[in-house]
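Notes for the structure review
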Amino acid sequence: MASIIIDQVSKIYDGGVHAVKGVDIEIGDGEFIVLVGPSGCGKSTLLRMVAGLESISKGTVSIGDRVVNEIEPADRDIAMVFQNYALYPHMSVFDNLAYGLRNRKTPKAEIEARVAEAARMLEIEPYLQRKPKALSGGQRQRVAMGRAIVRKPAVFLFDEPLSNLDAKLRVTMRGEIRKLQRRLSTTAIYVTHDQLEAMTLADRLVVLNGGAIEQIGTPLEVYHRP
Ligand code: ADP
Ligand code: ADP
């Protein structure tokens, strides 16, 4: 677990687009934050800066007591789940889950135990030897979640992870993500443009507009203003 401090963060892309403008957010240990707002408002850019995947033009992002941009990518205690799953197509589900742990030289027995635990939680045990192409969209999304949880990261980052799924599966997976996050008490930032998803998942919502914070509060505070 870790708190996250986003302090006066701005992003100006080469070419001059001011995608994020002076954003301040303090995220508590184990809190689930949802970033919402119209397409192009800067959600993805902000998430990618927290992940350290995008350089920060101004301001700082700290996770625990460390400034993100001073941490080597391999040492960042963050796992990210994307919309397109980003699974390795040539590897089995087991190897996809084990990949990040093997990279970190985790002992074999521990890799097996952690993969088994994640597979049990996500109910993907029957598919461990399959390749991603032999899975349904929902099963692939579970594998992508599994890759995030086997590492037991301090922070989960989600970039529209459910938007490729059909409506029914979205509702199911939404519930499971919340359950999993509560159970693991992992601090989470979740990007979506789906209001219902935002309201169901969030401890607090951050509404972005034109790269700046328009509102921040619990779902009740944000959506039920008189
Ligand atoms: P959202 O995730 O809310 O849809 P983005 O963070 O993707 O918004 O984009 C915010 C703004 O930054 C948009 O105007 C977008 O066109 C611009 N943008 C995003 N990525 C880049 C990039 N790599 N280079 C230049 N401009 C970008
Ligand atoms: P770790 O679990 O150690 O964080 P990842 O599994 O996220 O490592 O992958 C390491 C790198 O490979 C990342 O930069 C990621 O974006 C990239 N990557 C992940 N999946 C794929 C894929 N299917 N094809 C190409 N690159 C990928």
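Scroll up to find the structure this text is about.
Residues numbered from 1 in each chain as written. Chains lettered and ligands numbered in written order. Predicted model: local features only at pLDDT ≥ 70, side-chain atom pairs only at ≥ 80, totals over all residues. Heavy atoms only, no water.

What about the overall build of the protein?
The helix and strand tally for the protein stands at seven helices and 10 strands. In terms of C-alpha radius of gyration, the protein reaches 17 Å, essentially the compact-globule figure of 17 Å for 226 residues. Along the first, second and third principal axes, the C-alpha atoms of the protein reach 50 × 40 × 35 Å. Looking at the 226 residues of the protein, the share that counts as buried comes to 49%. Of the roughly 11,000 Å² of accessible surface on the protein, 50% is carried by carbon and sulfur atoms. Here the protein holds 30 positive side-chain charges and 27 negative ones, and the gap between their average locations is 7 Å. (Helix = DSSP H or I, 4+ residues; strand = E, 2+ residues; numbered from the N terminus. Rg over C-alpha atoms; globule rule 2.2 N^0.38 Å. Buried < 20%, exposed > 50% of the residue type's maximum accessible area, 1.4 Å probe, protein only. Areas by Shrake-Rupley, 256 points an atom, 1.4 Å probe, with all protein chains shown as cover. Lys, Arg positive; Asp, Glu negative; His and termini not counted. Charge placed at Lys NZ, Arg CZ, Asp CG, Glu CD.)

Some remarks on helix H2 (residues 93–103)
Of all the positions in H2, only Val 93, Phe 94, Asn 96, Leu 97, Ala 98, Gly 100 and Leu 101 are classed as buried. Looking at the buried side of H2, the elements it contacts are helix H3 (108–122) and helix H4 (137–150). Positive phi shows up at Lys 105, right after H2, with a value of about 55 degrees. (Contact = heavy atoms within 4.5 Å.)

Quick notes on the sheet that holds strand E7 (residues 155–159)
In sheet architecture, strand pairing relies on hydrogen bonds along the backbone and comes in two forms, parallel and antiparallel. The strand order across the open sheet formed by six strands is E6-E7-E8-E3-E9-E10, and the pairing between neighbours is mixed. Each having just a single partner strand, strand E6 (78–82) and strand E10 (212–217) make up the two edges of the open sheet. Put simply, the sheet's adjacent strands are angled 15 degrees from each other on average, direction ignored. As defined by bridge partners, E6 adjoins E7 across five bridges and the pair is classed as parallel. Paired with Ile 78 across the two strands is Val 155, which belongs to E7. Relative to strand E3 (residues 32–36), helix H5 (residues 167–184) is tilted by about 140 degrees, and along the sheet it contacts E3, E7 and strand E8 (187–191). (Pairing = 2+ DSSP bridges. Axes fitted to C-alpha atoms, helices over the stretch in contact; angles between N-to-C directions.)

Here's the deal with unusual backbone geometry
If a residue is not glycine, its phi is most likely negative; likewise, a peptide bond is most likely trans. In this model, Gln 8 sits at a positive phi of 50 degrees, which is unusual for a non-glycine residue. Note that Gln 8 resides in strand E1 (residues 4–12). Judged by its relative accessible area of 43%, Gln 8 falls in the partly exposed class. In the Ramachandran plot, Glu 160 falls in the positive-phi region, its phi being about 45 degrees despite a non-glycine side chain. Tracing the backbone shows Glu 160 in the loop between E7 and H5.

Description of the site of ligand 2
With respect to spatial proximity, the complete set of residues near ligand 2 consists of Ala 86, Leu 87, Tyr 88, Tyr 99, Gly 100, Arg 104, Arg 147 and Arg 151. Within the contact set of ligand 2, a nitrogen atom lies 2.6 Å away from a backbone nitrogen or oxygen of Leu 87. Within the side chain of Tyr 88, a nitrogen or oxygen atom sits 3.0 Å from an oxygen atom of ligand 2. For ligand 2, whose accessible area on its own is 550 Å², the fraction buried by protein is 50%. (Near = heavy atom within 4 Å. Polar contact = N/O pair within 3.5 Å; in protein donor to acceptor, adjacent residues only side chain to side chain.)

Focus: the packing of H4 against H5
Viewed as axis vectors pointing N to C, H4 and H5 meet at an angle of 15 degrees, and their least axial separation amounts to 11 Å. Relative to H5, H4 is oriented roughly parallel. Along this stretch, H4 crosses H5, giving a crossing that reads as right-handed. Where H4 approaches H5, its residues Gly 138, Gln 141, Arg 142, Met 145 and Ile 149 are matched on the opposing element by Leu 169, Thr 172, Met 173, Glu 176, Ile 177, Leu 180 and Leu 184. Considered class by class, the residues forming the contact of H4 with H5 number seven nonpolar, three polar and two charged. (Parallel < 35°, antiparallel > 145°, perpendicular 65-115°, else oblique. Left-handed = near helix turned anticlockwise from the far one by under 90°. Nonpolar A, V, L, I, M, F, W, Y, C, P; charged D, E, K, R; others polar.)

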